[in-house]
Amino acid sequence: RRAHYAALKSRPSVTRDGIAITLLHNSGLVADLPMLDDTGAEGVGLFRTELQFMIASRLPRLSEQVELYAEAMEIAGDRPVVFRLLDIGGDKVVPYLRSTVEENPAMGYRSIRLGLDRPGLLRTQVRALLLAARGRPLKILVPMVTETFEFRQTKMVVAKEVERLKRAGQPVPVSIEIGAMVEVPSLLFELDQLLPEADFVSIGSNDLVQFLTAADRANPRVAGSYDPIGLPRLRAIRLVVDAAARHGKPVTMCGELAGRPIEALALMAIGMTRLSMGPASIGPIKEMILNLDLRPVREAVAAALRDGIEGMTIRELLAHWVEKQ
Ligand code: PEP
Ligand code: MG
């Protein structure tokens with residue numbers, strides 16, 4: 001199968017009926033990056049920067065952060081890398097960062113909340129990203145945005161660091177794009193305020209589904225209880241796709257959904273064309289895309305989302321489709 005998928009890597013990722021789907025990697029370690037050449041993916045849709053912090057025994061210094069980001073961009077070459085700002089807290093534990101015990105860490109002091117509250121950490125990371133990207137384009141993704149003001153404040157931190165570097169006569173990136181993760185349900189109802197300020201958005205289905213269903217993603221007794229492509233969740237994801245289209249901004253799915261065939265089909269059926277996933281999923285997903293007539297699936301799913309479906313789930317509907325191929 002490996003050799004079979006390897007043979008697909010240079011084929012453009014386009015459905016049989018001509019719809020182009022951008023496939024990207026989720027990553028976090030520099031060691032993963034050379035895999036871009038093996039899979040033929042177009043870039044890194046999600047680089048989880050907290051991994052460097054999680055495997056270290058103390059806070060990585062500015063120079064160590066710069067080195068990691070620069071190496072990642074070097075290996076990626078012309079292919080874009082989206083660096084997500086530190087997403088610490090919840091299931092992502094950094095033992096040497098003193099934190100108080102929280103009853104609900106997933107809903108606690110984490111991610112960009114921590115970043116904005118302890119701006120030293122955030123500023124250092126932003127500076128490292130700017131230094132690493134000197135002379136190149138830089139893409140930054142803000143995790144766990146709950147309200148637009150947090151996104152705006154993060155952009156201000158970035159702007160300040162850019163000014164600082166310029167004043168010091170240091171080179172800066174040739175362009176900077178800043179996007180927001182949509183993974184907290186509240187943000188679903190503020191998309192028309194967020195999107196004019198964002199260069200792109202990326203959906204984190206792992207957290208979005210956890211919070212929509214009030215089912216802890218790390219608790220095996222409930223994590224699988226609600227189908228992430230069940231009608232309510234798929235309707236929620238479609239809100240983001242439709243809002244991004246209204247505002248002419250790119251939207252990517254970077255949650256684990258994108259790497260599973262039936263789920264990826266559901267996402268493409270509601271209009272998503274950018275999927276970011278673990279490198280091992282690229283081959284199977286690409287194979288599905290190459291054999292897919294997407295338009296009729298889009299129609300069937302649109303009808304199901306509009307009217308509901310009698311005696312069948314979206315998953316069953318799509319499973320039929322996959323079998324027919
Ligand atoms: C997500 O929440 O779906 C996501 C991509 O981020 P993480 O899994 O790192 O929380
Ligand atoms: Mg998340």
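These figures come from a predicted structure and were not determined experimentally.

### Quick look at the site of ligand 1
Around ligand 1, the neighbouring residues are L46, R48, D87, E183, G204, S205, N206, D207, C254 and G255. Broken down by secondary-structure element, the contributors of at least two residues to the shell around ligand 1 are strand 2 (44-48) and helix 9 (205-213). The element contributing the most residues to the shell around ligand 1 is helix 9, with three residues. Residue composition of the shell around ligand 1, by class: two nonpolar, four polar and four charged.

### Some thoughts on helix 14 (residues 314-324)
What helix 14 keeps buried is the set I314, L317 and L318. Buried residues of helix 14, viewed axially, fall in a sector of 90°; they line one side. Set apart from the buried face of helix 14 by more than 90 degrees, the exposed residues are E316, H320 and E323. Each element contacted by the buried residues of helix 14 is listed here: helix 10 (231-247), helix 11 (261-269) and helix 13 (294-307).

### So, the nonpolar core
Side chains of nonpolar character tend, in soluble globular proteins, to be buried together. Among the nonpolar cores identified, the biggest contains 81 residues, and L129, V142, V145, A180, A266, L267 and L275 are the most heavily contacted of them. A total of seven residues in this core trace back to one element, the largest contributor, which is helix 6 (residues 119-132). Ignoring any residue separated from it by four or fewer positions in sequence, one finds L275 in contact with I21, L23, L24, M253, A258, A264, L267 and I285.

Quick notes on the rules
Residues numbered from 1 in each chain as written. Chains lettered and ligands numbered in written order. Predicted model: local features only at pLDDT ≥ 70, side-chain atom pairs only at ≥ 80, totals over all residues. Near = placed C-beta within 6 Å. Helix = DSSP H or I, 4+ residues; strand = E, 2+ residues; numbered from the N terminus. Nonpolar A, V, L, I, M, F, W, Y, C, P; charged D, E, K, R; others polar. Buried ≥ 20, exposed ≤ 12 C-beta atoms within 10 Å, placed from the backbone. Arc of directions from axis to C-beta. Contact = placed C-beta atoms within 7 Å. Core = buried A, V, L, I, M, F, W, Y, C linked by C-beta atoms within 7 Å.

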